[in-house]
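Residue-level listing of the chains:
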Amino acid sequence: MEPLVKIRNVEVRYDNRNGGLVAISGVDLDIRQGEVVGIVGKSGCGKTTLLKVIAGLVRPTRGEVIYNGTHNGGGFRGIGMLFQSPLLLPWRTVLKNILLPIELRGEDVDSYVPRALELMERIGLKGFENSYPWELSGGMQQRVALCRALIHRPSLLLLDEPFSALDAITREDMWMLLQEVISYENYTAVLVTHDIREAVLLSDRVVVMGGRPGRVKAEVTIPFRRPRDLGLQYGREYNDYVAKIRSLLGD
Amino acid sequence: MVSKAKTFSSVLTLLAIGVTWEVAVRLFNIPQFVLPAPSAIVNTIARYSNYLLYNLADTLLASALGLFMAATFSLALSVVLAYSDSVREAIYPILSGFNAVPRAALVPLLALWFGLGMVPRVLTAFLIAFFPILVPTLTAMITIERELWEMLVAFGASKSQVLVKVAIPRATPYFLSSLHMGLTSAVVGSVIAEMVASDRGIGYVILSSTSRLDTPLAFACLLLLALITFTLSKVLSLVERRVARWAYRANI
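Structure report, in brief. Just so you know, these numbers come straight off a predicted model, no measurement behind them. (Residues numbered from 1 in each chain as written. Chains lettered and ligands numbered in written order. Predicted model: local features only at pLDDT ≥ 70, side-chain atom pairs only at ≥ 80, totals over all residues. Heavy atoms only, no water.)

1. Observations concerning the overall build of chain B
Link 1 in the chain: Along the backbone of chain B there are ten helices and zero strands.
Link 2 in the chain: Taken from N to C terminus, the helices and strands of chain B fall in the order α-α-α-α-α-α-α-α-α-α.
Link 3 in the chain: Dimensions of chain B, computed from the C-alpha atoms along their principal axes, are close to 75 × 50 × 30 Å.
Link 4 in the chain: Counting only residues that meet the buried cut, chain B has 42% of its 252 residues in that class.
Link 5 in the chain: On chain B, the mean spot of the 18 positive side-chain charges and the mean spot of the 11 negative ones are 7 Å from each other. (Helix = DSSP H or I, 4+ residues; strand = E, 2+ residues; numbered from the N terminus. Buried < 20%, exposed > 50% of the residue type's maximum accessible area, 1.4 Å probe, protein only. Lys, Arg positive; Asp, Glu negative; His and termini not counted. Charge placed at Lys NZ, Arg CZ, Asp CG, Glu CD.)

Structure (structure tokens):
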């Protein structure tokens, strides 16, 4: 089957005062329909840049990104994004924050209210629709951001270190929630993270990136059947994968 | 919100200042034309109440019109300048340059062009109040965090959508709080204009009373003006907290 996203020989060069900085170079990557791809790497290895290229926020200076068979320079439709910070609008209620992507797409907002409420229930936000973001804890705010990323049923979900600002226990809760919604609506997702354990637990395939300039060093397929259990973390096989990826990252 | 205890202690402090002032004036026999006692000021307010209120209303009308013009114009200009980077780059330096012109010095020119009526007073109020409202409003509109902006673009937002759905709501509390600064600036503007080129208004009364050494009347004007500006500022605060409740989340 044709991959959902084909990244071919992509290079991104940022111009700055010291001339140019090559953030990523010669990156090839396929993202297949229904797959969860984890991208791990040390900070500064260009993993966020790669995600921005996929999102159409950054134009590659060389190479191309082919989305669903069509060449596209920027602004794919049908992308849902989740960042490290929830980025909620404080003057909007939770429900209106979740419906923002629908508003921006110029679609009928009211017709999405039932879906928003259903998502909220699934993600553990039932009853908070009229609350304001600042009335919620950090973990709850990130749940709202997750609902917002999913409201328009994106064909591609992009996650940029979405749980790194949360405490360890909340993070595990969020892993399970994310896994559940991904399976339930059969999303294709790209998860950028510096947490190897998170990548192994959630991904079908982990892409290991090396730095300066950023490039793909290795790909590791994680064969565990989804949905996975948090208990997997304490098993031998899981930890072997974590150790393997850690050694691939290098010193 | 200010607690009752705090309000009470403010009132108490104010009373203490008033009493000390009164006692000092009587004790040291300070002549009235140098520093009138609080009791003398209150007496003057009571005696000239009609005359003072008439002139006060005039000053307030000029200030209010000037402030309204400044608020409307600043808001509209902020939206335009936030939307277009090239227009902003062309116009903003000119505006900053204009802000460096002492507006009080323009009053004689305004009087020359528009006579002694309401127009130069309103215009002076407008010219002084305009910049303090524009700067925070525009800054709030153009300083959207990079991540937030990227998120909006990833969700397919257009430039005008970012402006309407994020920049303007985000700037609302800044705009409203800048109205406080705008209000006091507008009052300063109309009073200055009245002192330079007018035959009525509180500014005119202050100028004419001091030239007759009627210092209690000048103080009465100052006191009334301060009181009314303070009250209006409080009213603005109430509006702010209603309209932009989310911006005061720490105090709810």
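2. Let's talk about the nonpolar core
Residue and element names in this part refer to chain A.
Link 1 in the chain: Ranked by internal contacts, the top residues of the largest apolar core, which has 75 residues, are Ile7 and Leu156.
Link 2 in the chain: Every residue in contact with Ile7, bar those within four places of it in the chain, is listed here: Val27, Asp28, Leu29, Asp30, Ile31, Leu50, Ile54, Glu64 and Val65.
Link 3 in the chain: Grouped together as the second largest cluster of nonpolar side chains are 53 residues, Tyr112, Leu146, Cys147 and Leu150 included. (Core = buried A, V, L, I, M, F, W, Y, C linked by side-chain atoms within 4.5 Å. Contact = heavy atoms within 4.5 Å.)

3. Things to note about the interface of chain A and chain B
Interface size is commonly expressed as the accessible surface area that is lost when the partners come together.
Link 1 in the chain: Chain A puts 25 residues into the contact, and the matching count from chain B is 19 residues.
Link 2 in the chain: When chain A packs against chain B, close to 2,000 Å² is buried across both sides, 70% of that on carbon and sulfur atoms.
Link 3 in the chain: For the chain A face of the interface with chain B, the top three residues by lost area are Trp91(A), Leu104(A) and Trp134(A), together amounting to 36%.
Link 4 in the chain: Linking chain A to chain B there are two salt bridges.
Link 5 in the chain: Glu103(A) serves as the salt-bridge partner of Lys165(B), at 2.8 Å between the closest nitrogen and oxygen.
Link 6 in the chain: Of all elements in the fold, only strand S6 (79-82), helix H3 (100-104) and helix H5 (138-150) of chain A reach the threshold of two or more residues within the side of chain A that touches chain B.
Link 7 in the chain: The element that contributes the greatest number of residues to the side of chain A that touches chain B is H3(A), accounting for four residues. (Buried area = accessible area lost by both parts, 1.4 Å probe. Salt bridge = Lys/Arg side-chain N within 4 Å of Asp/Glu carboxyl O.)

4. Some details on the side chain of Glu161(A)
Residues and elements named next belong to chain A.
Link 1 in the chain: For Glu161, the location among the structural elements is in the loop between strand S7 (156-160) and helix H6 (168-184).
Link 2 in the chain: Among the polar contacts listed, one links the side chain of Glu161 to the side chain of His194, at a separation of 3.3 Å.
Link 3 in the chain: In this structure Glu161 touches Lys47, Gln84, Val192, Thr193 and His194, once residues within four positions along its chain are discounted. (Polar contact = N/O pair within 3.5 Å; in protein donor to acceptor, adjacent residues only side chain to side chain.)

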